[in-house]
Amino acid sequence: VGPGSSIGEATRRELIARGISLAGTGSDVGALRATIRAEQVLVATYEQLLGAGVLSLPAASVATRFLSHERAHEAALTAELKRLGGRPPRRPRGLGDGTVASERDAVRLLLGLERAAISVYYSELARLRDARATRIAAEIMACEAQHTTALRELLSPGDISRAVPGAFVFGAR
Amino acid sequence: VVTPGAPTSRRRLLEASLAASAAAALAGCGANRARHRPVADPVQDQDVVLLNDLLARERHAIAAYTAGIPLLGGTRRHAAVEFLRQELAHAGMLLALIKDSGGGARPRAASYDLGQPQTARDVLLLLHEVERAEITGYLDAIPRMKPGRLRAAAATILADDAQHVSVLRSELGLSPTPAAFVTGAE
């Protein structure tokens, strides 16, 4: 990551984790705000990396598809949040311009953030009570898990033990 | 149709041995997330019914992988063996959750309708179908589970099965990540 030009994985993951703290833990509204924050960081990072021009055509094609998924996730979660009377969190600021040294660095960054987002869904699915919001969150968590498989495939083609490394998908914070 | 014989006993042993490690895996994960630990709600009878329904789907998938692996070769076979190991771990986890809740696991089905797969593609289609059925089952069950820890545990399995589907779709020449929401219809 170029100095001063972008914010790396650790800070972006911290932004995702902070979303949980800011949202609180006692309500469906809080749980949904935490998941929306995770999606906001993902959307911003995919947009930045696609704009940075560091991705090859195959990787850019994957990232473009996943960006559309993340936008759909944010929209669906925001609709659920509003249905339950909540207000979405503000978009995170100060994420720099997404400059990274290589495609491999970019994919690693995305993989780390996808795993952080999965961790948010794992935590918040334990708290969500609203059946419709719970089902949507579960569908999204499964989609993010598929994203990690595809991103790992970009990093280590044909290595199934890396693409699907374990029987239980928790993500990582 | 697969009629369980000796392999069933081996599967039962494997399921039992994997139950402990799977439970330990989830417990360890929870320990790393003490800040976010869900409130402990009691498991209810309805939850045991849901867990048993999911166990039945896992056992169906285990039967499909066990029957189908001999027809696969190369990297597909390697992947299927790995996925079978993971399905066994899922079943072990569900058995542990049922036992932990004071409930009893339903007996395994006497046989499973797996069709008559003749080729590697037939097997991939069968595995895709049983994985999709698992996903549908988890998505139906998770919102109805009472304790948060059950919902979270089930979601970790759902996400793994979604990854299986992604790999199987790729082997079938389909998009591995076709939709923003994994519904089991993919």
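The structure under discussion appears in the preceding block.
Residues numbered from 1 in each chain as written. Chains lettered and ligands numbered in written order. Predicted model: local features only at pLDDT ≥ 70, side-chain atom pairs only at ≥ 80, totals over all residues. Heavy atoms only, no water.

Enquirer: Quick rundown of the interface of chain B and chain A? Include the residues and the values.
Expert: On the side of chain A, 44 residues touch chain B, which itself brings 47 residues to the contact. Carbon and sulfur atoms supply 63% of the area buried between chain B and chain A, which totals about 3,700 Å² over both sides. One can count one salt bridge joining chain B with chain A. The residue D140 of chain B makes a salt bridge to R135 of chain A at a minimum N-O spacing of 3.0 Å. Those elements that provide at least two residues to the side of chain B that touches chain A are α1 (6-31), α3 (74-100), α4 (120-141) and α5 (148-171) of chain B. It is α5 of chain B that provides the largest number of residues to the side of chain B that touches chain A, a total of 15 residues. Of the residues in the side of chain B that touches chain A, the class split is 26 nonpolar, 12 polar and nine charged. (Contact = heavy atoms within 4.5 Å. Buried area = accessible area lost by both parts, 1.4 Å probe. Salt bridge = Lys/Arg side-chain N within 4 Å of Asp/Glu carboxyl O. Helix = DSSP H or I, 4+ residues; strand = E, 2+ residues; numbered from the N terminus. Nonpolar A, V, L, I, M, F, W, Y, C, P; charged D, E, K, R; others polar.)

Enquirer: Account for empty space enclosed by the protein, naming residues and giving values.
Expert: Residue and element names in this part refer to chain B. The full count for this structure, using the stated rule, is two cavities of 30 Å³ or more. Of the voids in this model, the largest cavity is the one considered here, and its volume is about 50 Å³. L72, R76, A79, A80, F83, L124, L127, V167, L168 and E171 are the residues that line the largest cavity. Sort the elements by how many residues they give to the lining of the largest cavity and α3 lands first, with four residues. Tallied by class, the residues present in the lining of the largest cavity amount to eight nonpolar, no polar and two charged. Taken as a whole, the second largest cavity spans an internal volume of roughly 30 Å³. (1 Å grid on protein atoms, 1.4 Å probe; cavity = no way out; pocket = protein on both sides within 12 Å on 5 of 7 lines; lining within 4 Å. Points joined across faces, edges and corners; volume = space filled by probe spheres on them.)

Enquirer: Let's hear about helix α3 (residues 57-83) of chain A: which residues, and what values?
Expert: With 27 residues, α3 of chain A should reach 39 Å at 1.5 Å per residue; the first-to-last C-alpha distance of 39 Å fits that figure. Once α3 of chain A finishes, G85 of chain A follows within two positions and takes phi at roughly 90 degrees, a positive value. (Expected span 1.5 Å × (residues − 1).)

Enquirer: Report on the nonpolar core, specifying residues and quantitative values.
Expert: With 79 residues, the main nonpolar core has M141 of chain A together with Y65, Y138, M145 and L158 of chain B as its most contacted residues. Among the nonpolar cores identified, the runner-up in size contains 31 residues, and A44, A59, F66 and V107 of chain A belong to it. (Core = buried A, V, L, I, M, F, W, Y, C linked by side-chain atoms within 4.5 Å. Buried < 20%, exposed > 50% of the residue type's maximum accessible area, 1.4 Å probe, protein only.)

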